[in-house]
Amino acid sequence: MGLICESRHFFSEGVRLAADLYLPSDAPPPEGRPGVVMCHGYNGMKHLYVPDAAKRLVNAGYAVLCFDYKGWGESDGPVRRLDPHGRVADVQAALTILCAEPNINQSHIGLFGWSFGCSTAIWTASIDQRVKVVVGVVGVGDGERWLESVWPADKWQQLMQDSREDRLQRARTGKSSFVDRGRILFLDAASQAKSQAARKAGGVNRDEIPLEFVDETIIFKAEWVVAKVSPRPLLLISCSNDQVAPPYEMQALYDAALEPKKLIILEGKDHYDVYSGPAFDSVMAETLLWLSSTFKLT
């Protein structure tokens, strides 16, 4: 099946966002195409990781919308903020734009979220009934528990001190200090190498993020709202060797969710394996099976 990629833009909370709409090149079915909005992770840019997944979905007949969050990539807004609740608003605006496209079946709309985007997708679905199915991959249930768990105690305490000082600075000046992402986001050596390679290949040459990320991470707890996704189906996919988003985070999300739900753990795989190779193939195969079962597609 051929693929068409068209540029789009839309507005979220008054801020202009850049997007790409992926479509199959064949004629749509009479009832319209099912659609998926992609929710990427910390690096909120549409050209990292998500296009390959979008193409797999398009080959199966889905329309897919990928976009840059506010302040990331080609979108306007405060530079490189995490802004988790703002990202939920961005996804809701993306849903509105996708549903307004011609030949879209508005009763067949899903969300797919990688990493921190898993939490974003779950939170969005909990408050937006337009979402009929959710797939979350290598995500976290509780931002505070997760961030503390991946750091040694002394470095965690230092991070908390840095965060308190930055919080006061933001209150006094309106600005957060930018630091190397490694001061906030723990990556083991193997994950760091894979992340850097992917970012370099994607033309990302800036590694600074605002210290505000700390506060914005610890307040976001998708575990609080995941039960509200039900009765819509929720698929969670984790990796047994994931040191970036340890599998207990996805287990906690699964335990807090209501039926229908499914948790898949890819044995021997780590966080960045899911973006390419055999682990990526497994993720997409399970995703397509889950979506087609939900929408009763043949």
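Structure: see above.
Here's what I pulled together on the structure shown here. Remember, predicted model here, so these are calculated numbers, not experimental data.

Below, the discussion takes up the overall build of the protein. For the protein, the helix and strand inventory stands at nine helices and ten strands. For a compact globule of 298 residues, the expected C-alpha radius of gyration is about 19 Å, and the protein comes in at 18 Å, within 12% of that figure. Taken along the three principal axes of its C-alpha coordinates, the protein extends 60 × 40 × 35 Å. By the burial criterion, 56% of the 298 residues in the protein qualify as buried. In the protein, of all internal contacts separated by at least 6 residues, the share reaching a separation of at least 24 is 76%. With an accessible surface of roughly 12300 Å², the protein has 52% of that area assigned to carbon and sulfur atoms. With 32 positive and 37 negative side-chain charges, the protein shows a separation of 2 Å between the mean positions of the two kinds.

Moving on, we get to the sheet that holds strand β6 (residues 133-137). Spatially, β1-β2-β4-β3-β5-β6-β9-β10 is the arrangement adopted by the eight strands of the open sheet, whose pairing is mixed. Each having just a single partner strand, β1 (3-12) and β10 (261-266) make up the two edges of the open sheet. Each neighbouring strand pair of the sheet contributes to a mean axis angle of 20°, computed without reference to strand direction. Here five bridges tie strand β5 (residues 104-114) to β6, and the two strands are oriented parallel to one another. When the bridges of β6 are listed, F112 appears paired with V135. Its contacts with the sheet put helix α3 (residues 116-127) on β3 (33-39), β5, β6 and β9 (234-239), and the angle it makes with β5 is roughly 145°.

What follows is about the nonpolar core. Counting 97 residues, the largest nonpolar core has M38, W114 and I122 as the members making the most contacts within it. Not counting residues within four places of it along the chain, the set of residues in contact with M38 comprises V50, A53, L57, V64, L65, C66, F67, F112 and W114.

A complete count under the given rule lists 14 aromatic pairs for this structure. The interplanar angle of 85° and the centroid separation of 5.2 Å between the aromatic rings of F67 and Y69 together place this pair among those described as edge-to-face. With relative accessibility at 0%, the residue F67 sits in the buried group. Judged by relative accessible area, which is 0%, Y69 ranks as buried. Taken together, the ring pairs in this structure connect Y42, W72, F116, W123, W146, F213 and F220 into an aromatic cluster. The cationic tip of K261 hangs over the ring face of Y254; the distance from NZ or CZ to the ring centre is 4.3 Å.

As a further point, take the pairing of β5. When you tally the buried positions in β5, you get nine out of eleven residues, the bulk of the element. In this structure, β3 lies alongside β5, joined through six bridges in parallel fashion. Looking across to β5, one finds that R33 is bridged to I104. Handedness of the crossover is the feature at issue here: the chain leaves β5, passes through α3, returns alongside β6, and the resulting connection is right-handed.

Here we take up the pattern of salt bridges. Summed over all chains, the structure comprises 22 salt bridges. Note that K46 and D20 form a salt bridge whose closest N and O atoms lie 3.2 Å from each other. With K46 in the loop between β3 and α1 (50-59) and D20 in strand β2 (residues 15-24), this pair connects stretches of sequence that are 26 residues apart. With respect to class, K46 is no different from D20; both count as buried. A salt bridge links E144 to K221; its shortest N-O distance comes to 3.1 Å. Residue E144 is located in helix α4 (residues 143-149), and its partner K221 is located in the loop between α7 (212-218) and β9; the two are separated by 77 residues in the primary sequence. Judged by relative accessible area, E144 falls into the partly exposed class, the value being 34%. By sharing partners, the salt bridges in this structure join R81, D83, D166, R167, R170, E212, D215 and E216 into a single network.

Backbone torsion omega between S230 and P231 reads 10°, so that peptide bond is classified as cis. Its place among the elements puts P231 in the loop between α7 and β9. Cis peptide bonds are those with omega within 30 degrees of zero, and the linkage from E259 to P260 qualifies with -5°. Inspection of the secondary structure puts P260 in the loop between α8 (247-256) and β10. The backbone of E13 shows a phi angle near 50°, a positive value even though the residue is not glycine. Note on placement: E13 falls in the loop between β1 and β2. Not every positive phi belongs to a glycine, and V138 is a case in point at roughly 45°. Within the secondary structure, V138 sits in the loop between β6 and α4. By relative accessible area, which is 0% here, V138 ends up buried.

Conventions we followed
- Every chain is numbered independently, its residues counted from 1 as its sequence is written.
- In keeping with the predicted nature of the model, local features appear solely for residues at pLDDT of at least 70, side-chain atom pairs appear and are counted solely at 80 or more, and the whole-chain, interface and lining totals rest on all residues.
- By convention in this description, side-chain values take in all heavy atoms of the structure and omit both hydrogens and water.
- Each helix is a run of H or I in the DSSP string that is no shorter than four residues. Each strand is a run of E no shorter than two, and both are numbered from the N terminus.
- The globule rule is 2.2 Å times the number of residues to the power 0.38, and the radius of gyration it is compared with is taken over C-alpha atoms.
- Using a 1.4 Å probe on the protein chains alone, a residue whose accessible area is under 20% of its type maximum counts as buried, one over 50% counts as exposed, and one in between counts as partly exposed.
- Residues are treated as being in contact if the distance between any of their heavy atoms lies within 4.5 Å.
- Areas reported as accessible are Shrake-Rupley estimates using a 1.4 Å probe. Residue values count occlusion only from the protein chains shown.
- By the counting scheme adopted, Arg and Lys are positive, Glu and Asp are negative, and His together with the chain ends is not counted.
- By convention, the charge on Lys lies at NZ, on Arg at CZ, on Asp at CG and on Glu at CD.
- Pairing between strands is defined by DSSP: at least two bridges between them are needed.
- To obtain each axis, a line is fitted to C-alpha atoms, and for helices this fit is confined to the stretch in contact; angles are then taken between N-to-C directions over 0 to 180 degrees.
- What is meant by a nonpolar core is a set of buried Ala, Val, Leu, Ile, Met, Phe, Trp, Tyr and Cys residues, joined one to another through side-chain atoms within 4.5 Å.
- Pairs were defined over the aromatic rings of Phe, Tyr and Trp, the Trp ring being its six-membered one, requiring ring centres within 6.5 Å. Orientation was assigned from the angle between planes: stacked under 30 degrees, edge-to-face over 60, tilted for the rest.
- In this scheme, the term charge over a ring applies when either NZ of a lysine or CZ of an arginine sits within 6 Å of the ring centre and within 35 degrees of the ring normal.
- A clockwise course of the path from the first strand over the helix to the second, judged with the strands pointing away from the viewer, identifies a crossover as right-handed.
- Take a side-chain nitrogen of Lys or Arg and a carboxyl oxygen of Asp or Glu: if they are within 4 Å of each other, that pair is a salt bridge.

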